[in-house]
Amino acid sequence: MNRFADKFSTAAALLAAAALTACGGGGGGTAPSPAPAPAPAPAPAPLPAPDVSAVTAADPGSTLPEGWQRGAFMQIFVRSYQDSDGDGIGDLRGLISRLDYLKDLGVKGLWLMPVTKSQDGDHGYAVVDYRDVEPAYGKLADLDELIKQAHARGIGVILDYVMNHSAGQHPLFVNAKDSATNPWRDWYVWQNPAPTGWSIYGGNPWRSTANGAYYAPFWEQMPDFNLLKTEVVDFHKNALRFWLNRGVDGFRFDAVGNLVENGPNAWEDQPRNYTLMNEMRVLLNGYARRTMVCEAPADPQGFGAAAACGGAFAFDLQNALMGSAKGQASAVTNLANYFKTATPGMAPMLSNHDSFAGLRPGDQLNANLAQLKLAASAYLLLPGTPFIYYGEEIGMRGASSLSGDASIRTPMSWSTAANAGFSTATPYRALAANAATHNVAAQQADPDSLLNHYRALLDLRNTLPALRDGAYTNASAADTVLTYQRRSAAQTVVVAINFGSAAAQASSADLPANALLQGKLGAPDLAADATGTVRIAMPAQSLRVYVLR
């Protein structure tokens, strides 16, 4: 029932009560006292006024070095990283206190899962305000300080941006849902009656109301924007400029395959999605040294292309990475071949915050240290921009008492102190199952730890230009042995990985005759033969890296 009907019903009830009072009682005697008139219904709360104000581009510039965005990124769930104020919830000030750790590890960028004000009070993807910070995390000034402190350490900060949908409590949707004639109605996707024949991720995406059905495939409280409307696209562009003007270094765009729907069999990876993301990339290119990466599981290559996002997560590489770490020869072959044809802007990863992308590597590999090191070696030296999921570098496992996404978004394991050093209070969520044994403090002191292996790999990536920017050449797989070269104008690096459980020999050709190669990570120096081929003795489950002198 809409507001006009409510008012009409209330008025009718008052008139009826007045009429009964005027009639009085029949027969003799004293007339009964009239029944009291019902209290008038409270006036409906005024609808919130959405902020759709324009934001003019005002680039503050960038103090980050050229090419910073080609270094490794750390994906951070602020709620689970470090609590600074003792409420059991991670916050921006807590993250600031851990920036030195991240710098020492060797990461060059941070991807923050949504830090905007949200309705869900957890993951953050139900955005209530696109221009403010989640109160549990702090204030805008805290985010400004994080950016300042990260930049001082040569680290960029990109934000998760949710363009596909808002929260149900966003002022725009509160208006749109109020009535079919509300001026904000067509900022979202509506049909009346609800269409049939739709099934998205196993469910009906249409949510019925008294005045029509809206489209919300992920959750009824996350309605999809109508991104065919120019004003809606402009709203998002203004929000992006709001953050870029504050010094944010770019964005990770959520669910870009779902932006536009053209029917029950045409709701993913529609042509308009690619041009929309190209528009966002053009906007970012108007700012100095900014970057973006897109989540597009169904078409990472298409969205990673320069005509769209210019960078996308390599969901189509994950199986090859994890399979190789387990010693699967077919996976090693797929790994060797991937970057021979892949879009240049791909972003390799082992896992992330979504359970559909797989469990944490610590769980997938059953905490096998050798295999975890191989998985890291497999993707941190490849082309593209690698993304590390927080805690991956210490082999964190999920919480045994939780399931689904919650189990892989647990508080960071910092030490053996109470609550794993995450908070002085009881954490809002259960700790990782192996927090007592796999934590930063324990692994920093162990030269053979997974953490120190990550540090060594990132140091190679940061100090060898060919690993950061070089071409991917001479790649081959022989059973469980992978070899390839990374070549820049001034440097050639040879990488060999034996994923197998037995010793093997690797070879790499197309080098200068009798070339000398300097071993890294403790490997002995080698020389190529007269044909320009180097042969490398590979212990079981080992990595070898050589730099051409």
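Source: prediction; values computed, not measured.

Topic: the state of the cysteines
Link 1 in the chain: All told, the structure shown has one disulfide when counted by the stated rule.
Link 2 in the chain: With a sulfur-sulfur separation of 2.1 Å, Cys294 is cross-linked through a disulfide to Cys309. Judged by the torsion about the S-S bond (-95°), the Cys294/Cys309 disulfide is left-handed. With Cys294 in strand β10 (residues 291-294) and Cys309 in the loop between α8 (300-304) and β11 (312-313), this residue pair connects regions lying 15 residues apart in the sequence. Residue Cys294 shares its accessibility class with Cys309, and that shared class is buried.

Some words on the sheet that holds strand β6 (residues 190-191)
Link 1 in the chain: Spatially, three strands are ordered β6-β8-β7 in an open sheet, and the strand pairing comes out antiparallel. Two strands bound the open sheet, and with one partner strand each, they are β6 and β7 (206-209).
Link 2 in the chain: Inspection of the sheet shows β7 paired to strand β8 (residues 212-215) by four bridges, in the antiparallel sense. Residue pairing for β8: Trp206 is matched across the bridge by Tyr215.

Considerations on the UniProt feature "domain: Glycosyl hydrolase family 13 catalytic" (unreviewed entry) in the chain
Link 1 in the chain: Those places that UniProt annotates as "domain: Glycosyl hydrolase family 13 catalytic" (unreviewed entry) correspond, in this numbering, to residues 75-461.
Link 2 in the chain: Along residues 75-461, the helical share is 33% and the strand share 12%, with 18 Å between the first and last C-alpha atoms.

Side note on unusual backbone geometry
Link 1 in the chain: Between Asn192 and the following residue, Pro193, the backbone shows a cis peptide bond with an omega angle of 5°.
Link 2 in the chain: Take Pro193: it is sitting in the loop between β6 and β7.
Link 3 in the chain: Phi angles above zero are rare outside glycine, and Leu521 is one such case at about 55°.
Link 4 in the chain: One can find Leu521 in the loop between β18 (516-520) and β19 (526-527).

Concerning the side chain of Ser377
Link 1 in the chain: Along the chain, Ser377 turns up in helix α12 (residues 369-380).
Link 2 in the chain: Owing to a relative accessible area of 1%, Ser377 belongs among the buried residues under this scheme.
Link 3 in the chain: Of the polar contacts made by the side chain of Ser377, one reaches the backbone oxygen of Lys373; its length is 2.9 Å.
Link 4 in the chain: Within the structure, Ser377 has its side chain in polar contact with the side chain of His453 (distance 2.9 Å).
Link 5 in the chain: Residues contacting Ser377, with those up to four places away along its chain left out, are His453, Leu457, Ile497 and Leu543.

Points about the sheet that holds β18
Link 1 in the chain: The antiparallel open sheet is built from six strands, whose spatial order is β14-β15-β16-β21-β18-β19. Looking at strand neighbours, the two that pair on one side only are β14 (471-478) and β19, the edges of this open sheet.
Link 2 in the chain: In terms of strand pairing, strand β16 (residues 492-498) meets strand β21 (residues 542-548) through six bridges, oriented antiparallel. Among the inter-strand pairings, Val494 is bridged to a residue of β21, identified as Tyr546.
Link 3 in the chain: Against the sheet, helix α10 (residues 329-341) makes contact with β14 and β15 (481-487), and its axis sits at roughly 160° relative to β14, the strand it touches most.

Some thoughts on the packing of helix α9 (residues 318-325) against α10
Link 1 in the chain: At a closest axis distance of 8 Å, the pairing of α9 and α10 adopts a crossing angle of 135°. As summarised for this structure, α9 and α10 are arranged oblique, according to the angle between their axes. The interaxial crossing formed by α9 with α10 has left-handed handedness. Along its contact with α9, which presents Asn319, Ala320, Leu321, Gly323 and Ser324, the element α10 presents Ala331, Val332, Asn334 and Leu335.
Link 2 in the chain: A per-class count over the contact of α9 with α10 returns five nonpolar, four polar and no charged.

Describing the packing of aromatic side chains
Two measures describe an aromatic ring pair: the distance that separates the ring centres and the angle between the ring planes.
Link 1 in the chain: As enumerated under the stated definition, the model contains 35 aromatic pairs in all.
Link 2 in the chain: Considering the side-chain rings of Tyr389 and Tyr390, the 4.9 Å spacing of their centres and the 75° angle between planes classify their relative orientation as edge-to-face.
Link 3 in the chain: Tyr389 sits in the buried class, given a relative accessible area of 0%.
Link 4 in the chain: By relative accessible area, Tyr390 is classed as buried at 0%.
Link 5 in the chain: Among the aromatic residues, those joined into a cluster by ring pairs are Tyr130, Tyr161, Phe173, Trp184, Trp187, Tyr188, Trp190, Tyr214, Phe225, Phe235, Phe251 and Phe253.
Link 6 in the chain: Over the ring of Tyr390 we find Arg360, and its NZ or CZ is 4.8 Å from the ring centre.

What to know about the nonpolar core
Link 1 in the chain: Within the largest apolar cluster, 143 residues are counted, with the highest numbers of intra-cluster contacts made by Leu102, Leu110, Leu112, Phe251, Phe253 and Met277.
Link 2 in the chain: Among the elements that make up this core, the one with the highest residue count is helix α6 (residues 230-245) (eight residues).
Link 3 in the chain: Residues in contact with Met277, not counting those within four places in the same chain, are Met163, Phe253, Val256, Leu259, Met292, Cys294, Phe303, Ala308 and Cys309.
Link 4 in the chain: The next biggest cluster of nonpolar side chains, apart from the first, holds 13 residues, and it includes Val481, Ala496, Leu517 and Ala528.

Observations regarding the pairing of β21
Link 1 in the chain: Across the seven residues that make up β21, a large majority, six, are buried.
Link 2 in the chain: Sheet topology note: the β18/β21 ladder contains four bridges and is antiparallel. Among the inter-strand pairings, Lys520 is bridged to a residue of β21, identified as Val545.

A short note on the packing of α12 against helix α15 (residues 450-463)
Link 1 in the chain: Interhelical geometry of α12 versus α15 gives an angle of 15° and a closest axis separation of 10 Å. Classified by the angle their axes make, α12 and α15 are roughly parallel. Remark: the crossing between α12 and α15 carries right-handed chirality. Contact residues: α12 offers Leu369, Leu372, Lys373, Ala376, Ser377, Tyr379 and Leu380, while α15 offers Leu450, His453, Tyr454, Leu457, Leu458 and Arg461.
Link 2 in the chain: The residue makeup of the contact of α12 with α15, split by class, is nine nonpolar, two polar and two charged.

Reading the values: the criteria
- Residues numbered from 1 in each chain as written.
- Predicted model: local features only at pLDDT ≥ 70, side-chain atom pairs only at ≥ 80, totals over all residues.
- Heavy atoms only, no water.
- Disulfide = S-S within 2.5 Å.
- Helix = DSSP H or I, 4+ residues; strand = E, 2+ residues; numbered from the N terminus.
- Buried < 20%, exposed > 50% of the residue type's maximum accessible area, 1.4 Å probe, protein only.
- Pairing = 2+ DSSP bridges.
- UniProt positions renumbered as here; feature names shortened; annotations may be inferred.
- Polar contact = N/O pair within 3.5 Å; in protein donor to acceptor, adjacent residues only side chain to side chain.
- Contact = heavy atoms within 4.5 Å.
- Axes fitted to C-alpha atoms, helices over the stretch in contact; angles between N-to-C directions.
- Parallel < 35°, antiparallel > 145°, perpendicular 65-115°, else oblique.
- Left-handed = near helix turned anticlockwise from the far one by under 90°.
- Nonpolar A, V, L, I, M, F, W, Y, C, P; charged D, E, K, R; others polar.
- Phe/Tyr/Trp six-rings, centres within 6.5 Å; stacked < 30°, edge-to-face > 60°.
- Lys NZ or Arg CZ within 6 Å of the ring centre and 35° of its normal.
- Core = buried A, V, L, I, M, F, W, Y, C linked by side-chain atoms within 4.5 Å.

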